[in-house]
Amino acid sequence: MRSQVLSRAAVLAGAVALPLAAVLPAHAQPAHALPEHGVRGASGSAYGIAATGPVAVPATPSVSSSGPNTVSRSVAELPPNPILKARVLNASAGKARARASVVDLRIPKAHLTAGLVAAKCVQGKGGSHLVKVALNGKVIKAAATPNSAVGVHLDGLGTVSLVLNKQVRDRHGRLTVTAIELTLPLGPGTTETISIASATCGAGKGLPGGPGEPQTPPATPPSAPPDEAPAPTPVPGDLPVTG
Amino acid sequence: MAAATVIAAAAMVMAGCGGGENGGTGTSRGTGGAGTPGDLPQATTYATLKGLPLDDQPFGRADGTVVRPKAPLPISAQAGGPPLATLPDKQLGGPTWVPVVESRAGWSRVLLPSRPNRVTGWIPSSPDKVRTARTRHLVKVDVSDRRLTLLDSGREVGSWRVAVGDVKTPTPIGRTFIMASLAPPKATYSPLILPVGAHSETLDTFGGGPGTVAFHGWPGKDVFGKAVTHGCVRVPADALARLSKAPLGTPVEIVA
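Below or above, wherever it landed, is the structure these notes cover.

The rules behind each value
- Residues numbered from 1 in each chain as written.
- Chains lettered and ligands numbered in written order.
- Predicted model: local features only at pLDDT ≥ 70, side-chain atom pairs only at ≥ 80, totals over all residues.
- Heavy atoms only, no water.
- Helix = DSSP H or I, 4+ residues; strand = E, 2+ residues; numbered from the N terminus.
- Buried < 20%, exposed > 50% of the residue type's maximum accessible area, 1.4 Å probe, protein only.
- Contact = heavy atoms within 4.5 Å.
- Areas by Shrake-Rupley, 256 points an atom, 1.4 Å probe, with all protein chains shown as cover.
- Core = buried A, V, L, I, M, F, W, Y, C linked by side-chain atoms within 4.5 Å.
- Buried area = accessible area lost by both parts, 1.4 Å probe.
- Salt bridge = Lys/Arg side-chain N within 4 Å of Asp/Glu carboxyl O.
- Polar contact = N/O pair within 3.5 Å; in protein donor to acceptor, adjacent residues only side chain to side chain.
- Pairing = 2+ DSSP bridges.
- Axes fitted to C-alpha atoms, helices over the stretch in contact; angles between N-to-C directions.
- Disulfide = S-S within 2.5 Å.
- 1 Å grid on protein atoms, 1.4 Å probe; cavity = no way out; pocket = protein on both sides within 12 Å on 5 of 7 lines; lining within 4 Å.
- Points joined across faces, edges and corners; volume = space filled by probe spheres on them.

1. Here we look at the overall build of chain B
- Helix and strand counts for chain B stand at 2 helices and 20 strands.
- Taken over 256 residues, chain B has a buried fraction of 57%.
- When contacts within chain B are restricted to residue pairs at least 6 apart in sequence, those whose partners lie at least 24 apart make up 63%.
- For chain B, the accessible surface area stands at approximately 9,900 Å², while carbon and sulfur atoms represent 56% of it.

Written out as structure tokens, the structure is:
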């Protein structure tokens, strides 16, 4: 893979050039789990869209890179599915940096439309950017504070919730920015979770920078082994139990 | 079920035998609800929770990680999902400790003390939200053998013949946890009661309570080795003394 950092224009051009079959992720995650991108040893990783629930969509496109080169992939459409449509999806990752974007996204069941959804992570810091994103006709602002929650009740469906600019830092200090995480009910006891534009990176400072295995230092000290749980102190009280 | 639970809770209050906690929070809620924390059901032994995933490994082995919420926490059906219930920081007047059965960055899936049996949920796991600790203990109950075994760091502390549920009111199987330690003001049959997270599958309510299963003692020894209870596990005094030292949240594995 050529080393490059793609501008949006380049992404669009690349999307046209790359047929879907050639760019589906070779290491797509199992359908039952959201992708745990941010694998140890991979300095940066990203994907455009992934969905779990009754409709499983593997992370598309999905990239990771631990070396000095930036790896980029773009696709012009998603794997066939009944709930999501997007025109261009891009993911790129390199040492301590990653970004992902989705263009012209439509999720009719959730009444969600988006012109552009993007997430970026550089050296353990990141954010998201939204252009012309609307949920049930209501425009969502372009820059959301991390982990902003939005919910809307849709007749016949239930409550659709969004987490905008979702930021989660793992125990190794690596940050995952997901521009939109959407949860929608698809029946009694069943929900679908759709992650849109997700980028993961570590701080990438003060480390061996060779192509072999750059380890990113944790932003927070590694947690110590948990303490021993205390023996309980009986509480005065009673509960009629099934004696 | 919810109505029965609320009635049971009301009966508890009237009888003056509650564990120091408002039990009347056990209302059910439909899937997908995203109410404010104040109107979400409380995950207590009195509640029936809906929309949360059941334990998909009811006979799996938890690793001994237990967490205690520092304040009431939202419970979601999946990591980062909308809250469907609240995990209070107290259960029956004592601290809430629940076992972790699955983890993701920033989130823990825990067993809950509510109905239905095996109900689980995801809670935040950051140090500002929960205290994380570890229990070395494990309780195993073999219903058909009518035997309880207590392990500490994998080594057997003791094994006792116990009384289990009879054929009409069986002791529910699957993994659960020690939820509370209660010292009844009038110890009519046991100086201590150790309620677990599970409930009778056949009794919505029992004696005015919500049908919670527990470990406790019994005045006579003739019941041990027999299936004679309404679901609880009656244990000899020595077993009760040992069990009472196991931390809250300690996993309990009940097999048929």
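2. Some remarks on the nonpolar core
- Residues A:Leu84, A:Leu105, A:Leu112, A:Leu182, A:Ile194 and A:Ile196 are the most contacted members of the largest nonpolar core, which totals 47 residues.
- One finds A:Leu239, B:Leu84, B:Ile123 and B:Phe177 within the second-largest nonpolar core, a separate group that totals 30 residues.

3. Things to note about the interface of chain B and chain A
- At the interface, 56 residues of chain B touch 35 residues of chain A.
- Between chain B and chain A the total buried area reaches about 3,300 Å² when both faces are included, carbon and sulfur atoms providing 59% of it.
- Our count for the chain B to chain A interface comes out at 1 salt bridge.
- For B:Arg136, the salt bridge identified is with A:Glu228, shortest N-O distance 3.4 Å.
- In this structure, the connection of chain B to chain A is made through 12 residue pairs in polar contact (both at pLDDT 80 or more).
- Within the residue set of the side of chain B that touches chain A, elements represented by two or more residues are strand 9 (130-134), strand 15 (182-183), strand 16 (193-199) and strand 17 (212-216) of chain B.
- As paired elements, strand 13 (residues 227-228) of chain A and strand 9 of chain B share 2 bridges and run parallel to each other.

4. Some remarks on the sheet that holds strand 6 (residues 112-122) of chain A
Residue and element names in this part refer to chain A.
- The 6 strands lie next to each other as 3-4-5-6-7-8, forming an open sheet whose pairing is antiparallel. Edge strands, defined here as strands with exactly one partner in the open sheet, are strand 3 (71-75) and strand 8 (138-140). Strand-to-strand, the axes of this sheet are offset by a mean angle of 5°, without reference to chain direction.

5. Details of the state of the cysteines
Residues and elements named next belong to chain A.
- Under the definition given, this model contains 1 disulfide over all chains.
- Each disulfide pairs two cysteine sulfurs, and for Cys-121 the partner residue is Cys-201, the sulfurs being separated by 2.0 Å. Taking the sign of the S-S torsion, -70° for the link of Cys-121 and Cys-201, the bridge is left-handed. Taken together, the residues span a long stretch of sequence, with Cys-121 in strand 6 and Cys-201 in strand 12 (residues 191-201) at a distance of 80 residues.

6. Looking at the pattern of salt bridges
- Inspection of every chain in the model, using the stated rule, returns 10 salt bridges over all chains.
- One salt bridge in this structure joins B:Glu102 and B:Arg109, with 3.1 Å as the shortest N-O distance.
- The exposure class of B:Glu102 is partly exposed, given its relative accessible area of 29%.
- A salt bridge links B:Lys129 to B:Asp128, with the nearest nitrogen and oxygen atoms 3.7 Å apart.
- Given a relative accessible area of 33%, B:Lys129 falls into the partly exposed group.
- Taking the relative accessible area as the measure of exposure, B:Asp128 reaches 53% and is therefore exposed.
- Via salt bridges that share partners, A:Glu228, B:Arg136 and B:Asp152 belong to a single interconnected network.

7. Quick look at the sheet that holds strand 11 (residues 147-152) of chain B
Residues and elements named next belong to chain B.
- Read across the sheet, 5 strands follow the order 12-11-10-20-14 without closing on themselves; strand pairing throughout is mixed. Two strands bound the open sheet, and with one partner strand each, they are strand 12 (155-161) and strand 14 (174-177). Averaged over neighbouring strand pairs, the angle between their axes works out to 20° when direction is ignored.
- One ladder, built from 6 bridges, connects strand 10 (residues 137-142) with strand 11; its direction is antiparallel. Note that in strand 11 the partner of Lys-140 across the bridge is Thr-149.

8. So, the environment of B:Gly165
Residues and elements named next belong to chain B.
- You can see Gly-165 is positioned in strand 13 (residues 164-165).
- Looking at Gly-165, the relative accessible area reads 7%, which means it is buried.
- Separated by 69 residues in the primary sequence, Gly-165 and Arg-234 place their C-alpha atoms 9.3 Å from one another.
- For Gly-165, the contacting residues outside a window of four places in its chain are Pro-170, Thr-171, Ala-227, Val-228, Thr-229, Gly-231 and Cys-232.

9. Focus on the environment of B:Pro95
All names here are of chain B.
- Secondary-structure assignment places Pro-95 in strand 5 (residues 94-95).
- Pro-95 sits in the partly exposed class, given a relative accessible area of 25%.
- When near neighbours in sequence (up to four residues on either side) are disregarded, Pro-95 contacts Arg-68, Asp-89, Lys-90 and Leu-248.

10. A look at empty space enclosed by the protein
- Evaluated as defined, the whole model comprises 4 cavities of 30 Å³ or more.
- Each pocket or cavity is described by its volume, and for the largest cavity that value is around 110 Å³.
- What lines the largest cavity is a set of 14 residues, among which B:Asn117, B:Arg118, B:Arg175, B:Thr176 and B:Ala198 lie closest to the centre.
- If you list the elements that add at least two residues to the lining of the largest cavity, you get strand 14 and strand 16 of chain B.
- In this structure, the second largest cavity spans a volume of roughly 80 Å³.
- Contributions of two or more residues to the lining of the second largest cavity are made by strand 10 (158-169) and strand 11 (175-185) of chain A.

The quantities given are spatial measurements derived from coordinates; they are silent on function.
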